[in-house]
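Coordinate inspection notes
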2 protein chains.
Amino acid sequence: MVSFEDMKLEEGSPIYLQIIHHLKMGIAAGTVQDGEELPSRRTLSALLGVNPNTIQKAFHILEEEGLIVSHVGAKSCVSVTREQVQCLEQQLPDAHARQFIKQMQAMGLSCTQVVGLVERLWEEEV
Amino acid sequence: MVSFEDMKLEEGSPIYLQIIHHLKMGIAAGTVQDGEELPSRRTLSALLGVNPNTIQKAFHILEEEGLIVSHVGAKSCVSVTREQVQCLEQQLPDAHARQFIKQMQAMGLSCTQVVGLVERLWEEEV
DNA sequence: TAAAGTGTACTATTGATATAATACAGTTAG
DNA sequence: CTAACTGTATTATATCAATAGTACACTTTA
């Protein structure tokens, strides 16, 4: 069963996108595997304290993207090919890093400064 | 005159927040200094291709935060104390780095891997 | 078999974002 | 001085995100 226990909702980004992102990061990290069951829409909405329709929107998009499969009456499951997993493993960190670097450069920091900052803050974040 | 020429609008975040963020990063980078004139609301709206009200919303918030001052009939100006500049110089990169680290950790990457990724991608980004 | 749980669909409403079209008072520049 | 430009305010509209409530068909399970 895919876990959403550790997921914390944050402001600044739509909830349904955060849910999609959470699952993709789990797949990229290897903690979510092909065939794994997902919590039901109603269960997850209660866990996160959001509307069932918001969960449905996220799951609907995930199904359109071919990352999960759903059947009426039964729970949804993760369904990813090896290619999809590899794609997420490579592209997700890459895209985040590029955006991060762009911001650091806009604030005038050097590569050395950024590396130092990351190393200094790394241990603080659990 | 504060420049917004290099600012590219991106999806995923409200335009008025991007404008606020752009000015703060300029202050943190030292490319925007105290007393500097800002483009007028109408000029900037034409430059970015957005509605004047959107610029007004951004500038209104910036004035509430005490980073710019406005007077009817005259152009608005940046107005920051040494303390405000130091605050932005330290807190902005820090906050971005923490968020970045959290995402990298969620995808199962090690500190060494992330540092390597940043160093590898740094030169690609202009 | 019957009840509970599941995915799915629909309507309605609220708030935030963004656009559009004005309008007015004060400043600047010709 | 006058015209152009400035900040500011107002009303209206459209879209998206999120909530709320309801309904129905299907699967699981007790």
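Description of the structure in this document. (Residues numbered from 1 in each chain as written. Chains lettered and ligands numbered in written order. Predicted model: local features only at pLDDT ≥ 70, side-chain atom pairs only at ≥ 80, totals over all residues. Heavy atoms only, no water.)

Between chain A and chain B, which share one sequence, the superposing operator has a rotation angle of 180 degrees and an axial displacement of 0.0 Å; the RMSD is 0.1 Å. On the angle and the small slide along the axis, the relation comes out as a two-fold axis. If distances are taken from each C-alpha of chain A to the rotation axis, the shortest is found for A:V115, at 3.0 Å. Counting the interface residues of chain A, we find that 100% of their copies in chain B are interface residues as well, pointing to one common contact surface. (Least-squares fit on C-alpha atoms with pLDDT ≥ 70 in both. Contact = heavy atoms within 4.5 Å.)

Moving on, we come to the interface of chain A and chain B. Residue-level contacts link 35 residues of chain A with 35 residues of chain B. For the pair chain A and chain B, the summed buried surface comes to about 3300 Å²; carbon and sulfur atoms form 71% of the total. Area buried by chain A at its contact with chain B is led by A:M107, A:W122 and A:E125, which between them contribute 22% of it. Where chain A touches chain B, the interface holds five salt bridges. Our count for the chain A to chain B interface comes out at eight residue pairs in polar contact (both at pLDDT 80 or more). At the level of secondary structure, the elements contributing two or more residues to the side of chain A that touches chain B comprise α1 (15–29), α4 (82–106) and α5 (111–122) of chain A. Considering each element in turn, the side of chain A that touches chain B owes the most residues, 13 residues, to α4(A). Among the residues making up the side of chain A that touches chain B, the classes are represented as 20 nonpolar, seven polar and eight charged. (Buried area = accessible area lost by both parts, 1.4 Å probe. Salt bridge = Lys/Arg side-chain N within 4 Å of Asp/Glu carboxyl O. Polar contact = N/O pair within 3.5 Å; in protein donor to acceptor, adjacent residues only side chain to side chain. Helix = DSSP H or I, 4+ residues; strand = E, 2+ residues; numbered from the N terminus. Nonpolar A, V, L, I, M, F, W, Y, C, P; charged D, E, K, R; others polar.)

Structural measurements only, silent on function.
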